[in-house]
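Letter by letter, the chains look like this.
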Amino acid sequence: MKELMMRALDLARLRGAQYADTRVVRNRTESISVKDGIVEELNSSETEGFGVRVLVNGTWGFASSRNLTGDEADLVTAQALEIARASGLVSGEKVNLGAPVTSQGTYQTPFQIDPFSVPLEEKLAVLMSADAEMGKVQGLRTRQSSATLIKEHKLFANTEGAFTDQTIVETGGGIQAMAVGGSEIQVRSYPNAFTRQQVTGGWEALISWDLPGNAQRVANEAIALLTADPCPSDLTTTLILGGTQLALQIHESCGHPTELDRVYGTEAAYAGTSFLTTEKLGTFHYGSPVVNLTADSLRPLGLGTFGWDDEGVPAQSSPLVKDGLFVGYLMSRETASKLGRTSNACMRASGWNRIPIIRMVNVSLEPGTWKFDDMIADTDYGIYMESNRSWSIDDKRYNFQFGTEIGYEIKNGKMGRLLRNCTYTGITPEFWNSCDAVCNPDHWVMWGTPNCGKGQPSQVAHTGHGAAPARFRNVKVGVLK
Amino acid sequence: MIGEKEARKLSEAILKRCQGTPAEATILFNDGALTRFANNFIHQNVSERDAEIIIRCFIGKQIGTATTNRSDEAGLDELVQKAKDNAKVSPEDPNYPGLPEPATYMRVAAWDQPTADYSPEKRAQAVGSVCRLAVEKGLNASGAFSTGSNELVVINTKGVFAYHAQTGADFQTVVMSDDSSGRAQESAWKASDLDVETLGRTAIESAARGHNPRKIDPGEYPVVFEHYVTEDLLSMLNFYGMSAQALEEGRSWMNDRLGQQVMSPLVNIWDDGNDTAGSPLPFDFEGVPKQRVEIVKEGVAMGPVYDRYTGAKMGKPSTGHATPISFRGMGPIAMNLFMAPGNATVDEMIRSTEKGLYINRFWYTRLVHPRDCVITGMTRDGVFMIENGELAYPVKNLRFTMSYVQALANVEAIGKESHLLVGEYGGFGTRIPALKIKGFKFTGSTV
């Protein structure tokens, strides 16, 4: 493969590219899904191909193909050059990538048990067992359990001398119970909403979640929610978010607005822009002093963990918000150069047939000092919400509204009645400035979001978000009446 | 383009490897390109050539699936073997209805060679025309122009061979100033049907008249929706209730409402994969010919779409709405939706509104509660207060939380023109008109 890659880079250089890079990617995915005792899906999938990205006279072109042959490398490179020259017909500021990237090496995300070495029968047995446990609870309408296992091998080379070889292994899985009663429909999931938690790691991760051991609890909660009291409506109160819901809150209201391509308007037509414009860098109080947010591609288990990003920039950790102050962006080489900084390794492509764009890595809320029980005990009145059911945020990432699968009323420092159809809404900086407590590292978990959409053509990225439960004051809850 | 003849050869090569094991497969070839622009210049410009071959093998009622993008000998050997291996370990699915027999499907014209051959230079020229217009007005244009083609083949060991080739083109632009924006989009299977410059002018006009938007109180307002909003209404009602599986699982807005008046008598919604006014696909991913399905007729909920699996469970025939094999668990889906146009122009709808809101587009819409299809989302790219039949002033974006079933129950008038919008690189095609709705609930506003 290295020969094919060098052939593409040499041709690009020869025909006038000032810069070129190429990636060869092979992705293997196994998807297993059990629904109501029946195997709904057992699919072994693979895709492979290569892409060539070229910079000609300061404008970009990219072409890609599934055919991994030398002749195809010539064709695809020529096509990328033609496209770059067409870009030059409507050009703006010339692209400046900053200092050369010359990374070399191999990397593999750590795991104990290669998920592809585990017999299919064993994987199915775990999911069938979880399904059977949920089935012991009377009254569910549907029950689902699933596993998603991924191994991606990626080679990267550029005309500046970089050549990297990395393998990313991900394991995901979860269960979901749905109950229907009259016009009410309630869903409970574990360990994360929307069918699964996902990490970089091996089969040991899925075993550690103990899906069968949590199945009856999840099923019982779905049933109980049918007759639970509704979330109080139009109430402004204290809100405590559990880890999985907080992870999505971080993703939507911290991760996306710190993407520098959004700030520079290059996602305006699709994903939108950002309120975190560059004059706010270093001066804007994004959150309260207990809010510390980090972009980190080194942290174990995260779906944003790797050796190098798709521009060959080494994995690293950098602050986005420090003691409440907005201090950093998620950056590419091109956008960082424009800002007078260097890339913090956030360029990621969803596959061989997509260009890298700025994506979240592991964007996490650093842990605070509170024990969870102490946080509840310290709250006179409020609502605890957990597990996302609905999420929506405006194109500048200001106004958001979230719904959760489950909630509990907190009264006089104690968890009280169960609440259904919980929702809350707010404005991003107001919300994060109202944060007055974050739980300690004992409660901090690296959650996975394997479904982040961005870009045209669309790309689905896998991102990580470390979070421990946190408390927010004066939040409007109960939008749904 | 590989063409029907080569597709047949590849199909035979796949089925030969099954060696008597019942199987179905889909083959999708995709050749797509997209030119993306922002800040009045092209910043991303890409192309891809890919294929996807998915096979399901059946050992009795044990089912296994495998997917690849390799079509070489070794790739096909591995593909079939993996699907068989997966079937061997999979417990039986007692609901599996067996493979369909071959059936005649309508040959539908959807291929345009100039669109398949569309060059990056031509896309750049079209994009450049919009960028220049935006620059002239001191505005900032962004968007995407995509062109391409795909070929779908559905085969099975009972003799099904269905082939459909289609081209597609889509132009969309958002034009912005510091405090305003406008957006326009159109899709077609012939690129020459797109009037890119007119789309650009529409977005520019909205951005130019949207300066200094006022913040208004949330609440219930009469609204005039451009067809982009109608597309969102139909898309959500589709995902959360037009499939037999949603109905069977009790999570559809149609549950307990079949045969009832649930929307305005003005509302007619159907799915038709054979209509070239849409983005046609004459058979589904099981190779079953698509039927026209009336989903809402004069406001009455008529019923969902079926594939063979849900049909067999519910005692109904397939309507030809099976999803791709890798999404089969989601149940059937309507991919070619239409809403019947009415007799009003958008200008007439505005003129007949004493006080209300004109809204170009919704953004980031998500399900809040399934049974009534309650959705939350934001307005975007053009919101104006209507007073005394005229657009009085621009308004800051609003958040809504509203039942989409109720929204269509509140329809007062429907646009006389309908427009086609198609998902990226093909996919769902929806032909929809603008709407006037007497009451729509807004629950918040943004900064």
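Calculation criteria
- Residues numbered from 1 in each chain as written.
- Chains lettered and ligands numbered in written order.
- Predicted model: local features only at pLDDT ≥ 70, side-chain atom pairs only at ≥ 80, totals over all residues.
- Helix = DSSP H or I, 4+ residues; strand = E, 2+ residues; numbered from the N terminus.
- Rg over C-alpha atoms; globule rule 2.2 N^0.38 Å.
- Buried ≥ 20, exposed ≤ 12 C-beta atoms within 10 Å, placed from the backbone.
- Contact = placed C-beta atoms within 7 Å.
- Core = buried A, V, L, I, M, F, W, Y, C linked by C-beta atoms within 7 Å.
- Axes fitted to C-alpha atoms, helices over the stretch in contact; angles between N-to-C directions.
- Parallel < 35°, antiparallel > 145°, perpendicular 65-115°, else oblique.
- Left-handed = near helix turned anticlockwise from the far one by under 90°.
- Nonpolar A, V, L, I, M, F, W, Y, C, P; charged D, E, K, R; others polar.
- Domains from an automatic or database assignment.

Visitor: Looking at this structure, how should I read the overall build of chain A?
Guide: For chain A, the helix and strand inventory stands at 10 helices and 24 strands. Taking 481 residues into account, the globule formula puts the C-alpha radius of gyration at 23 Å, and chain A, at 23 Å, falls close to it. In terms of overall dimensions, chain A has a C-alpha envelope of 70 × 55 × 35 Å along the principal axes. Put simply, chain A has 481 residues, and 60% of those count as buried. Of all intrachain contacts in chain A linking residues separated by at least 6 positions in sequence, the fraction that spans at least 24 positions is 76%.

Visitor: Looking at this model, I keep getting lost on the nonpolar core. Mind explaining?
Guide: It is characteristic of soluble globular proteins that their nonpolar side chains tend to be buried jointly. Of all hydrophobic cores here, the largest spans 178 residues; its most connected members are Val54(A) and Ala470(A). Setting aside chain neighbours within four positions, we find Ala470(A) in contact with Leu241(A), Leu246(A), Leu365(A), Cys435(A), Ala437(A), Val438(A) and Cys439(A). Within the second largest apolar cluster, 65 residues are counted, among which are Ile333(B), Val395(B), Tyr404(B) and Val405(B).

Visitor: Explanation requested: the packing of helix α2 (residues 70-87) of chain A against helix α4 (residues 120-136) of chain B in the structure shown.
Guide: It is at 9 Å that the axes of α2(A) and α4(B) come closest, and there the two elements cross at 20°. Taken as axis vectors, α2(A) and α4(B) run roughly parallel relative to one another. Viewed along their axes, α2(A) and α4(B) form a crossing whose handedness is right-handed. The residues of α4(B) that touch α2(A), namely those facing Glu82(A), Ile83(A), Ala86(A) and Ser87(A), are Pro120(B), Glu121(B) and Ala124(B). Class assignment for the residues of the contact of α2(A) with α4(B) results in 4 nonpolar, 1 polar and 2 charged.

Visitor: Even after reading the chapter, I still don't get the interface of chain A and chain B, so can you show me in this structure?
Guide: It is common to give the size of an interface as the accessible area lost on bringing the parts into contact. In this assembly, 64 residues from chain A lie in contact with 75 residues from chain B. Here the side of chain A that touches chain B takes 12 residues from strand β2 (residues 38-56) of chain A, the largest share from any one element. Split by residue class, the side of chain A that touches chain B holds 24 nonpolar, 29 polar and 11 charged.

Visitor: Please explain the domain arrangement of chain A as it appears in this structure.
Guide: All names here are of chain A. Each domain of chain A was delimited in the assignment, giving domain 1 (2-227) and domain 2 (230-477). Distance from the C-alpha centre of domain 1 to the C-alpha centre of domain 2: 21 Å. The partner domain 2 presents 37 residues to the 46 residues of domain 1 that form the contact. Among the elements that line the side of domain 1 that touches domain 2, the one with the most residues is β2, at 6 residues. Residue composition of the side of domain 1 that touches domain 2, grouped by class: 19 nonpolar, 21 polar and 6 charged.

Visitor: What should I look at first to understand unusual backbone geometry in this one?
Guide: As a rule of thumb, non-glycine residues mostly have phi less than zero, and peptide bonds are mostly trans rather than cis. The step from Tyr190(A) to Pro191(A) runs through a cis peptide bond, and the omega angle for that step is -5°. Residue position: Pro191(A) is located in the loop between β7 (184-190) and β8 (197-200). The linkage connecting Gln456(A) with the following residue, Pro457(A), adopts the cis geometry, with an omega of -5°. Mapped onto the elements, Pro457(A) comes out in the loop between β22 (445-454) and β23 (459-467). Look at Ala345(A): it is not a glycine, yet its phi comes out positive at around 65°. Examined against the element boundaries, Ala345(A) turns out to sit in the loop between α8 (333-339) and β14 (347-348). Notably, Asn388(B) is not glycine yet its phi reads approximately 50°, a positive angle. Relative to the helices and strands, Asn388(B) is located in the loop between β13 (374-387) and β14 (390-394). You can call Asn388(B) exposed: it has 9 C-beta atoms within 10 Å.

Visitor: Is there a simple way to think about the environment of Tyr228(B) in this case?
Guide: Residue and element names in this part refer to chain B. By the element assignment, Tyr228 lies in helix α6 (residues 227-239). With 91 residues separating them along the chain, Tyr228 and Lys137 place their C-alpha atoms 24 Å apart. For Tyr228, the residues in contact, after removing those within four places along its chain, are Gln185, Asn360 and Arg361.

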